[in-house]
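Observations on the model geometry
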Amino acid sequence: MDSGKIMHRRKPDIPVIRPRASDKKPHILEVGVKNLELSKVIRLLEDPLTANLKERHLFVLKKLLKRSQFGFLLKELTDIAKILNVCAEKVTDHCEYVPILCEALQICRLPFLKEKASDELNYAQNVIEFLSHMGYLMRVSHAEVRQQIVESVKSFYGCVAPRQLLDGLQPTSPGYRLQLLERSDLAQTLLLSLAAVENQPAIKLQLLQTLQILSSSSDMNCARILNAQGAETTCLHMNEPDPSGWVLFRSSEILWNLLERGSKEVTAQLSRMECVIPLKEAFLHQLMNSSRHSDLQLRNDLLVMTTLIAGNPSCLLIESLFAKQLVVLATFPELKSYNPLVRNLKLAYNNEDLKMKKLLLNLLVLMSKDFAALQLYKEERVMLALLTLVKPPAASPAASPAASPAASPAASPERRSASLQWSSLQREELQLHALATLCTVAPLMLDDYMACQGNASLLLLLDWCVAQDAFFGQSHGSHNGGGRGSMKAQMRHCIRVLRSVTSLGEDSVNQDFCDQGTINQFLGILMQMEASPDEEDVVTLEIKSDIQLILSALCENDMHRKELFGSDGVEMAIHFLKKGCDKFYSGLGHNKLILSTVDSVRSCIVGCYTTEDYFLAKEGACLLLDLLSSSPRCVHCIVLAALLELCDNPNARSHVLSWRDAGGQTAPTLLLHLWRDEEEELKVSRNRHGGIADPQRPILSQYQQEDGQLSFPASIPSAAVLELSENLRLKIYSIFYKLGFQELPGLSRKHYVTLSIVRRYLDFKVSEVWDEIRRELSLDGVRPITPDGEALGTICRIAEDTASRVAAEQNSILEQQEKEDAGEAELLYTEMKSHCMQQELITKSWDRYVSRTSNYEILKEVKAQRKKYIESSRPKAKHQNAAVHPKEHFVGQVMSVERTGAQGPAGVKLTIARVPIKAAGHDHVGATSQDPEYFSTVSEKD
């Protein structure tokens, strides 16, 4: 049976169902009965006595392949690999073995066969070794064998249906062979075979296609290819002569697959000179000879690979002269050049050319990290080309930076405007990309930037962005973050460039800005954007915060610019401070806007008395305190810094001390609360009242104690010094120092305990530094001389005594607080007791009144008693010889109760009626002169 005919009868698109044993044909059963022992076949091929029996060999091998026409058994793969290896060695002298190898490799396309389900696991290592041996067969120079190998490997990733199988055999699972292929050496062996097929273009193309499939299917395959220097090998063979043009395409696809799964290692290999030069040649070839869309795409793919290489610090783009050619292309067609590369270059201005242009601009950003690349930028006038790209579409040539007097006189006739070629959408995308590139490149090339009047160009673009009848953006590019129908994207990137330039603090650049009225222009843009009815979005908030940062950079160290900031700037700052921090965590950028606003107050207002006074008159200090009380902890540092510098103004103290929040809290109270929160965050040792718990470490944080056993070199600040800038305590102390520690409103005894620590903070910090010096000397094994040691000891003792005195003062404050609390409790108790007595008297009076009004007998008795009192109270005739009347005593009766509003018993006023009591021996008690009915009622006024 011819094995080739069997392969042609196979129908891979139709699933084959294994027939039952009763339905099998007799000749299939006959084949299954015949059994060949593979060990005897190997002995026949290798035994010196039978090694030359070629006809016998071919007969047995054909018989073996005929028996295995449905696939190789897993348990026989090791012996099959040995047989194929022997045949590969004999092919050199006897080409008759070539068909045997080809037919065996065709059988390898079929799934392997197993007798039991456990065979897949038991013979996994045998399969791995067999697949590796398949790759080793690439050493056979015959094209038919190599073609069968690559075709067999490609078939692993296709749907090959098994043929009719012998009874008791099953094909392996579809993914079984692919999983084991990843663990074999097949992928890297095929890669290394590229050098062997240089003279076989068709085989080389198929081999590259196979490597493309292997690299796209598995990360493990990519790792093995990279371990065999796959990226470098692919680059070395990508520019070999190829009439079909597919070699470069397949090579680039392999590199893409490797980059997607191992970019760092791939870029490391491609950064070598051996790879950069082939990439350069391939790109330039595609640049000059591409016309089809697929060729243009391949050109851009090669440029993307170059971009990835440029991000590697060790790349050799400049040394290979590839960088110079890329820079020349980046300035084309904006600037005309006599470089042979672009002299005859023509662009179609389609989308692929637009992508290439954007990739070249991106390369300028990546290569700018190298100083040598900046020199290339100067030579090729990159700054002029970028500023030409960012021109507003309606700008006239006279207003462009290329026509400026500072530019080169020869630049104007050499300039080739791309605005006549690129469409409006393409121009907008290039404009945005050029602005993004300038954001990185302009700070590195300030001389060229100023020579091309970059400030004027960008301010002209900014005016165009804020104009009412300006061009509306329609681009879909990655930098068009402002959305279609608006100019926010252009404004956003323009402001970014200005911020990156001004943040350097270069006097000539910033002065040029101010000379053109930038401060008033930016203030007008800010208030214009605030007056807009549009809702705030990420882009709008970023523009506002960037403008404030630019103003801060311009005015920070110049008094005249702060005066130019003036009342309009103060109004702007007040407006943004009034917004508060309610939207701090909105995610849109309000947090950045708050920080930039406070920074503008500190840089543009504080330091100039005229703007400071106007800011204070507008309640600016109170707004800062409002922000301090309501903002999260991350904002406190910058707000305290602004407030601290503002307190240098003599008028600020009254504003700060008069501030109250919604709960009535004063500024000193707020600052002391922040101090306690800060110490709690630092885990400073304090007692339950907030006082000093350890006089030896009055302000030492737990983190400093953990670093106490470390010794720092002289060039590095110690923990005690670094602590000053890492928390808020120094700023709070400085503010109290300027406000004073006396006559502070709203403080309780608890606040005075904390204030006693704040007052001594500087003394404690000085002693902490000296203690740290002594500890580091001890750790380094250095013993100071006796006078210095005594001085250090004295300083530490003085500091400890100071802390002990502060602790005693705090205890005294707490004791006084306890006494006051006890006095208030006693007064409250007295008032409660008086109130209870009053209630008892009222109750008794009411009971007497009820008894008189409800019982007639009692009422008659009381009435009769009153008459007796009246009779007894009338004056009698005096006799001259009468004895002296005995002295009368009076007993008071509560008639009414009034409250005067005072605290305690002093606030209760009682009205008492006096009843005379006669001397002993009298039977009746005289009545008073008051109305009898008055005695029977009691009134209470509360």
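Residues numbered from 1 in each chain as written. Predicted model: local features only at pLDDT ≥ 70, side-chain atom pairs only at ≥ 80, totals over all residues. Heavy atoms only, no water.

From N to C terminus, the chain includes 45 helices and five strands. Counting only residues that meet the buried cut, the chain has 47% of its 942 residues in that class. Of all intrachain contacts in the chain linking residues separated by at least 6 positions in sequence, the fraction that spans at least 24 positions is 75%. Counting only carbon and sulfur atoms, one obtains 53% of the accessible surface of the chain, whose full area is about 47800 Å². (Helix = DSSP H or I, 4+ residues; strand = E, 2+ residues; numbered from the N terminus. Buried < 20%, exposed > 50% of the residue type's maximum accessible area, 1.4 Å probe, protein only. Contact = heavy atoms within 4.5 Å. Areas by Shrake-Rupley, 256 points an atom, 1.4 Å probe, with all protein chains shown as cover.)

Here the bond from F332 into P333 is cis, since omega is 5°, no more than 30 degrees from zero. With respect to the helices, strands and loops of the structure, P333 is situated in the loop between α18 (322–330) and α19 (340–343). If you check the backbone angles, L321 has positive phi at about 65° while not being a glycine. Mapping L321 onto the fold places it in the loop between α17 (293–310) and α18.

Next up on the list: a nonpolar patch on the surface. Together, L762, V766, W770 and I773 give the surface a local cluster of nonpolar side chains, amounting to about 330 Å² of exposed area. For V766, the location among the structural elements is in helix α42 (residues 761–779). Judged by its relative accessible area of 41%, V766 falls in the partly exposed class. (Patch = residues over 30% accessible without salt bridge, like charges linked within 9 Å, V, L, I, M, F, W, Y side chains within 5 Å. Salt bridge = Lys/Arg side-chain N within 4 Å of Asp/Glu carboxyl O.)

What follows concerns helix α28 (residues 507–515). Looking only at α28, the buried set comprises V509, N510, F513 and C514. Projection of α28 onto a plane perpendicular to its axis shows the buried side chains occupying an angular sector of 135°, all on one side. Within α28, the exposed residues directed more than 90 degrees away from the buried face are D507 and D515. Here the buried face of α28 lies against α25 (446–451), α26 (454–466), α27 (488–502), α29 (518–531), α30 (538–555) and α31 (559–577). Just downstream of α28, G517 is the residue with a positive phi angle, here 70°. (Arc of directions from axis to C-beta.)

Turning to the packing of aromatic side chains, a few remarks are in order. Scanning the model with the defined rule gives 12 aromatic pairs in all. Residues F584 and Y585 carry aromatic rings whose centres are separated by 5.0 Å and whose planes lie at 80° to one another, so their mutual orientation is edge-to-face. For F584, a relative accessible area of 7% puts it in the buried group. Summarising the aromatic geometry, the rings of Y733 and F741 are spaced 6.4 Å apart at their centres and angled 35° between planes, so their arrangement reads as tilted. Comparing Y733 with F741 shows no difference in burial state: the two are buried. Counting every residue linked through ring pairs, the aromatic cluster contains W675, Y733, F736, Y737, F741 and Y761. Across from the ring centre of F112, 5.3 Å away, lies the NZ or CZ of R177, which sits over that ring. (Phe/Tyr/Trp six-rings, centres within 6.5 Å; stacked < 30°, edge-to-face > 60°. Lys NZ or Arg CZ within 6 Å of the ring centre and 35° of its normal.)

Bringing a negative patch on the surface into the picture now. A grouping of E815, E818, D821 and E824 is seen on the molecular surface, where their side chains present a negatively charged patch. As for its placement among the helices and strands, E824 is situated in helix α43 (residues 786–854). (Lys, Arg positive; Asp, Glu negative; His and termini not counted. Charge placed at Lys NZ, Arg CZ, Asp CG, Glu CD.)

Across all of its chains, the model carries zero disulfides by this definition. Here C555 stays unpaired: no disulfide links it, and the sulfur of C604, its closest cysteine neighbor, is 4.0 Å away. C604 gets classed as buried once you look at its relative accessible area, which sits at 0%. (Disulfide = S-S within 2.5 Å.)

Turning our eyes to something else, we now look at the pattern of salt bridges. Under the counting rule described, the total for this entry stands at 41 salt bridges. The residue R261 makes a salt bridge to D219 at a minimum N-O spacing of 2.7 Å. Taken together, the residues R261 in helix α15 (residues 246–270) and D219 in helix α13 (residues 219–227) connect sequence positions 42 residues apart. With a relative accessible area of 52%, D219 lands in the exposed category. Among the ionic contacts, a cluster of salt bridges with common partners joins E530, E536, K544 and K579.

Remark: helix α32 (residues 590–605) packs on helix α33 (residues 609–617), axes separated minimally by 9 Å, with the N-to-C direction vectors making an angle of 140°. On the basis of their axis angle, the class for α32 and α33 is oblique. Contacts between α32 and α33 involve V601, C604 and I605 on the former and, on the latter, T611, E612 and F615. (Axes fitted to C-alpha atoms, helices over the stretch in contact; angles between N-to-C directions. Parallel < 35°, antiparallel > 145°, perpendicular 65-115°, else oblique.)

The next thing to look at is the confidence of the model for the chain. In the predicted model, the chain carries a mean pLDDT of 82, and 82% of its residues have values of at least 70. Every residue in residues 468–476 scores below 50 in pLDDT, and together they form 25 contacts with partners more than four places removed in sequence or on other chains. (pLDDT = per-residue confidence, 0-100.)

Before going further, it helps to spend a moment on the side chain of Q665. Within the fold, Q665 resides in the loop between α36 (652–657) and α37 (667–682). Separated by 2.7 Å, the side chains of Q665 and H673 make a polar contact. Aside from chain neighbours lying at most four places away, what touches Q665 is W659, R660, L670 and H673. (Polar contact = N/O pair within 3.5 Å; in protein donor to acceptor, adjacent residues only side chain to side chain.)

Buried residues dominate helix α40 (residues 729–739), accounting for eight of its 11 residues. Taken together, the buried positions of α40 are occupied by R729, K731, I732, Y733, S734, I735, F736 and L739. Phi turns positive, to about 95°, at G740, one or two residues after α40.

A few words now on the packing of helix α39 (residues 719–726) against α42. With their axes 9 Å apart at the nearest point, α39 and α42 run at an angle of 145° to one another. Contacts between α39 and α42 involve A719, A720, E723 and L724 on the former and, on the latter, Y761, K765, E768, V769 and E772. Split by residue class, the contact of α39 with α42 holds five nonpolar, no polar and four charged. (Nonpolar A, V, L, I, M, F, W, Y, C, P; charged D, E, K, R; others polar.)

This part covers the environment of K378. Examined against the element boundaries, K378 turns out to sit in helix α21 (residues 371–379). Judged by its relative accessible area of 33%, K378 is partly exposed. Sequence separation between K378 and M445 is 67 residues; the distance between their C-alpha atoms is 8.3 Å. Those residues within four positions of K378 in sequence are excluded, and the remaining contacts are M445 and D448. Within the structure, the side chain of K378 is placed 3.4 Å from the side chain of D448, a separation counted as a polar contact.

Let's shift gears to the environment of N257. Relative to the helices and strands, N257 is located in helix α15. Linking N257 and S217, residues 40 residues apart in sequence, is a C-alpha distance of 9.0 Å. If sequence neighbours within four positions are ignored, N257 has contacts with Q212, S215, S216 and C222. At 3.3 Å, the side chain of N257 and the backbone oxygen of Q212 are in polar contact.

Let us look at the side chain of R729. Considering the arrangement of structural elements, one finds R729 in helix α40. When near neighbours in sequence (up to four residues on either side) are disregarded, R729 contacts W675, E678, E679, L682, V684, I699, Q704, E723 and Y761.

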